[in-house]
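Coordinates in review
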Amino acid sequence: MSDSYYLGIDVGTGSARICLVDDSGEIKALATKDIKTWNDKADYYEQSTEDIWNAICYCCKQVMREAKIQPEQVKGIGCDATCSLAVLADDTDEPISVCGPDFTDHKRNVILWMDHRPVTQTERINATKHKLLQYVGGSMSIEMEIPKVLWLKENMPRDLFRRCHFYDLADVLTHIATGEKTRSFCSTVCKQAYVPVGVDGSIKGWQEDFLAAIGLQELAEDNFRRMGGVHGENGVMLSAGQLVGTLCEKSASELGLVSGIKIGSGVIDAYAGWIGTVGARVKPDCLGSDVIPEGFKTNDLEQAFHRLAAVAGTSTCHLVMSREPKFVPGIWGPYRDVVLENFWMAEGGQSATGSLLHHIVTTHTSYEKAKEAAMARKQNIYEYLNHRLEELAQESKASTISYLARHFFLVGDYHGNRSPIADPRMRGSVVGLSMDSSVDSLALMYYAALEFIALQTRHIIEALNTNGHTVTSIFMSGGQCRNNLLMTLIANATGYPVVIPRYIDAAVVLGAAILGAKAASANETGETEGLWGIIDRMSKPGDIVLPTKDKREKELLEVKYKIFLRMSKEQQEYRKMVDDVIFEWK
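Calculation notes
Residues numbered from 1 in each chain as written. Predicted model: local features only at pLDDT ≥ 70, side-chain atom pairs only at ≥ 80, totals over all residues. Heavy atoms only, no water. Helix = DSSP H or I, 4+ residues; strand = E, 2+ residues; numbered from the N terminus. Rg over C-alpha atoms; globule rule 2.2 N^0.38 Å. Contact = heavy atoms within 4.5 Å. Areas by Shrake-Rupley, 256 points an atom, 1.4 Å probe, with all protein chains shown as cover. Lys, Arg positive; Asp, Glu negative; His and termini not counted. Charge placed at Lys NZ, Arg CZ, Asp CG, Glu CD. Pairing = 2+ DSSP bridges. Axes fitted to C-alpha atoms, helices over the stretch in contact; angles between N-to-C directions. Parallel < 35°, antiparallel > 145°, perpendicular 65-115°, else oblique. Left-handed = near helix turned anticlockwise from the far one by under 90°. Nonpolar A, V, L, I, M, F, W, Y, C, P; charged D, E, K, R; others polar. Phe/Tyr/Trp six-rings, centres within 6.5 Å; stacked < 30°, edge-to-face > 60°. Lys NZ or Arg CZ within 6 Å of the ring centre and 35° of its normal. Buried < 20%, exposed > 50% of the residue type's maximum accessible area, 1.4 Å probe, protein only. Salt bridge = Lys/Arg side-chain N within 4 Å of Asp/Glu carboxyl O. Core = buried A, V, L, I, M, F, W, Y, C linked by side-chain atoms within 4.5 Å. 1 Å grid on protein atoms, 1.4 Å probe; cavity = no way out; pocket = protein on both sides within 12 Å on 5 of 7 lines; lining within 4 Å. Points joined across faces, edges and corners; volume = space filled by probe spheres on them.

**With respect to the overall build of the protein**
Across its full length, the protein holds 20 helices and 22 strands. Over its C-alpha atoms the protein spans a radius of gyration of 23 Å, differing by no more than 12% from the 25 Å that the globule rule assigns to 586 residues. Oriented by its inertia axes, the alpha-carbon framework of the protein measures out at about 70 × 65 × 50 Å. Relative to all contacts within the protein whose residues are 6 or more apart in sequence, the contacts with residues 24 or more apart total 69%. For the protein, the accessible area works out to roughly 23,700 Å², and carbon and sulfur atoms hold 51% of it. Across the protein, the 62 positively charged side chains and the 75 negatively charged ones have centroids separated by 3 Å.

This is the structure:
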């Protein structure tokens with residue numbers, strides 16, 4: 001029995017969860033609790049650090065009871081969270097409201113990542129064409145945090161804005177746990193326009209001329225103190241899992257733990273998914289020589305440069321590491337130091353995947369009928385629809401399910417396009433609708449959404465590989481891995497094997513626990529064990545879905561991909577044609 005255990009804290013879009021793992025990476029206990037999101041109007045999404053921390057405390061006590069270990073046996077804690085903006089008072093450390101127009105409900109102090117309120121602020125930021133934008137794919141996304149800070153400045157009372165101290169959500173969790181105001185490179189570099197010292201002439205990390213150009217010059221005051229300060233002067237910036245400090249007595253009491261437990265620097269949830277996914281052990285003969293470069297061990301660090309981590313939940317993030325910076329239009333990054341020191345990460349993504357499927361299915365007129373049929377078969381709605389598609393293929397004597405939707409085309413950018421088009425104004429479009437409103441038409445629409453997710457994954461990988469990356473396999477995580485039809489489609493549409501981790505629903509929180517193990521390895525000077533070695537030691541074997549060898553299936557998906565690209569481009573052209581006519585309208 002292990003004497004050392006590590007806690008991983010994962011704050012997702014809709015819930016907080018904690019896992020407890022041993023030295024080998026075996027999950028001993030897992031707990032989840034929903035967190036509250038306020039969505040009072042379209043595109044506005046807010047949360048509460050108080051509510052999130054309460055959920056974390058609940059989960060922590062649950063896993064400790066389930067695992068039946070002593071608090072003293074927990075040696076390290078790591079955390080991840082969505083890339084959401086948290087606001088505390090600079091003078092009192094209390095929450096400050098982000099909820100306009102009066103900003104009096106201070107419980108609501110987090111602007112969620114998917115909040116799309118700062119449309120005009122994002123456009124003005126990108127209009128500056130500042131050189132740092134090359135490190136976010138050429139344009140800053142509306143989902144990043146600087147546009148949200150600018151929105152607050154332009155809508156908050158002036159005196160209230162000047163009291164704001166800004167954190168990424170992962171960083172505010174380590175702050176609550178330790179009392180330290182340490183920031184993670186993952187949060188600041190990926191979402192807050194921080195350029196690591198030495199990159200492209202960066203001296204302090206924060207870019208004062210950029211902040212002045214976009215109207216946030218006051219954030220440069222006191223050596224950027226309200227954004228976390230300057231590393232080595234009035235602030236500390238750390239890579240993933242490096243030692244932030246130790247658990248303070250107040251937070252230890254609230255969590256049901258003991259003070260003094262080592263706390264690792266956090267990461268954005270997708271990056272925890274990378275940590276908990278790309279180390280999955282696979283047999284070389286299963287992937288083939290095209291996937292594993294000759295002369296390297298199966299789980300050598302070199303493999304990380306060829307493995308795309310696809311972290312799939314409400315949205316999907318696509319992450320790949322490189323030794324050198326590689327600039328890819330429409331792909332966020334390259335980001336240095338955010339996971340491993342001196343290595344670079346690129347991040348693509350789809351703004352809506354799990355949420356797209358939910359929307360497509362639940363808004364269809366035959367949803368209730370399909371749900372009743374699924375319950376009768378003791379299946380969830382997606383299992384039922386997959387089964388119904390198989391039945392339809394057999395009934396029509398179709399060789400593949402894809403043949404059923406051969407003349408049905410869907411672009412699923414219902415919530416904008418994150419990458420590689422990088423256009424928040426993109427929307428969904430469908431060709432092939434009929435008067436049919438049956439359950440079978442629901443199944444067809446659902447399949448088209450799955451196919452869209454797979455084709456857009458190919459679009460993202462092609463953008464990466466065209467610009468210097470060498471992705472040869474996809475390492476998935478998240479609940480979507482349970483959808484065999486989707487995993488098969490992604491493998492078939494991209495032509496790459498898909499690896500599914502042992503802990504399908506817990507890869508992200510396992511990644512957070514691995515950060516706890518890294519923090520726990522800190523010696524008296526704060527130096528820690530290398531992260532890849534810990535990942536390799538704590539990762540488990542994964543299952544593999546290989547792409548089809550069926551020539552007809554590949555040809556059909558190839559032409560569907562060409563149509564998908566054309567539909568995406570033409571949507572932008574249609575919008576421009578209209579905008580050119582109405583630009584003078586008031």
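Back to the text.
**Some details on the pairing of strand β3 (residues 27-34)**
As paired strands, strand β2 (residues 15-21) and β3 are joined by seven bridges and run antiparallel to one another. Along β3, the bridge assignment pairs Cys19 with Leu30.

**Some words on the packing of helix α18 (residues 507-520) against helix α19 (residues 531-538)**
As a packed pair, α18 and α19 sit with axes 10 Å apart at the nearest point and diverge in direction by 125°. With respect to their mutual orientation, α18 and α19 come out oblique. Crossing of α18 against α19: the hand is right-handed. From α18, Ile514, Leu515, Ala517 and Lys518 reach across to α19, where they touch Leu531, Ile534, Ile535 and Met538. Residues of the contact of α18 with α19, tallied by class, amount to seven nonpolar, no polar and one charged.

**Details of the packing of aromatic side chains**
In this structure the tally under the stated criterion is eleven aromatic pairs. Ring-pair connections join several aromatic residues into one group, and the members of that group are Tyr44, Phe103 and Trp151. Geometry around Tyr167 places Arg183 over its ring, the cationic atom sitting 3.9 Å from the centre. Its end group placed over the ring of Tyr403, Arg406 keeps NZ or CZ at 4.0 Å from the ring centre.

**Description of the environment of Glu558**
Tracing the backbone shows Glu558 in helix α20 (residues 551-582). Given the relative accessible area of 30%, Glu558 is considered partly exposed. Between the alpha carbons of Glu558 and Leu455 there is a distance of 9.2 Å; along the sequence they are 103 residues apart.

**A closer look at the pattern of salt bridges**
Tallied over the entire structure, the rule returns 34 salt bridges. Residue Asp22 pairs with Lys28 through a salt bridge whose shortest N-O separation is 3.7 Å. Put simply, Glu26 and Lys540 hold a salt bridge, and the shortest N to O gap is 3.6 Å. Placement of the pair is Glu26 in the loop between β2 and β3 and Lys540 in the loop between α19 and β22 (543-545), with a sequence separation of 514 residues. According to the relative accessible area criterion, Glu26 is partly exposed, its value standing at 21%. Judged by relative accessible area, which is 16%, Lys540 ranks as buried. Overlapping salt bridges bring together Asp40, Glu46, Asp105, Arg108, Asp115 and Arg117 as one network.

**Let's talk about the nonpolar core**
Burial of nonpolar side chains together is a common tendency in soluble globular proteins. Ranked by size, the top nonpolar core spans 91 residues in total, and within it Met140, Leu152, Phe166, Tyr271, Trp274 and Val338 carry the most contacts. The element contributing the most residues to this core is α18, with seven residues. Not counting chain neighbours up to four residues away, the residues in contact with Tyr271 comprise Cys186, Cys190, Leu319, Tyr335, Val338, Val339, Met345 and Glu347. One finds Leu410, Tyr446, Phe452 and Val471 within the second-largest nonpolar core, a separate group that totals 64 residues.

**What about the side chain of Asp168?**
Counting through the fold element by element, Asp168 comes out in strand β8 (residues 164-168). We note that Asp168 is buried and unpaired, the nearest opposite charge coming from Lys191 at a distance of 7.9 Å. Among all residues touching Asp168, those that are not within four sequence positions of it are Thr82, Cys83, Ser84, Glu145, Ser187 and Gln192.

**Remarks on helix α17 (residues 484-494)**
Across the eleven residues that make up α17, a large majority, nine, are buried. All of the buried residues along α17 are Leu485, Leu486, Met487, Leu489, Ile490, Ala491, Asn492, Ala493 and Thr494. Once α17 finishes, Gly495 follows within two positions and takes phi at roughly 85°, a positive value.

**Some details on the sheet that holds strand β15 (residues 316-322)**
Strand order in the open sheet made by the seven strands is β16-β17-β15-β14-β20-β21-β22, with mixed pairing throughout. The sheet terminates laterally at β16 (332-336) and β22, the two strands that pair on one side only. Averaged over all neighbouring strand pairs, the angle between strand axes comes to 25°, with direction disregarded. Along the sheet, helix α16 (residues 439-466) makes contact with β14 (307-312), β15, β17 (344-350) and β20 (473-477), crossing β17 at roughly 155°.

**Description of the packing of helix α12 (residues 354-362) against helix α14 (residues 381-395)**
One can describe the packing of α12 onto α14 by two numbers: an axis separation of 12 Å at closest approach and a directional angle of 70°. The angle between α12 and α14 falls in the class roughly perpendicular. Facing α12, whose interface residues are Leu357, His358 and Val361, α14 presents Ile381, Tyr382 and Leu385. When its residues are assigned to classes, the contact of α12 with α14 shows five nonpolar, one polar and no charged.

**Focus: the layout of surface pockets**
Volume-wise, the largest pocket comes out at about 1,200 Å³. Contributing to the lining of the largest pocket are 48 residues, with Ala312, Gly313, Thr314, Gly478 and Gly479 lying nearest its centre. Top element by residues in the lining of the largest pocket is α14. It accounts for five residues. Its residues assigned to classes, the lining of the largest pocket shows 16 nonpolar, 21 polar and eleven charged. Those elements that provide at least two residues to the lining of the second largest pocket are α1 (49-67), α5 (169-178) and α9 (249-255). If one sorts the elements of the lining of the second largest pocket by residue count, α1 sits on top with five residues. For the lining of the second largest pocket, the residue count by class is six nonpolar, five polar and five charged.

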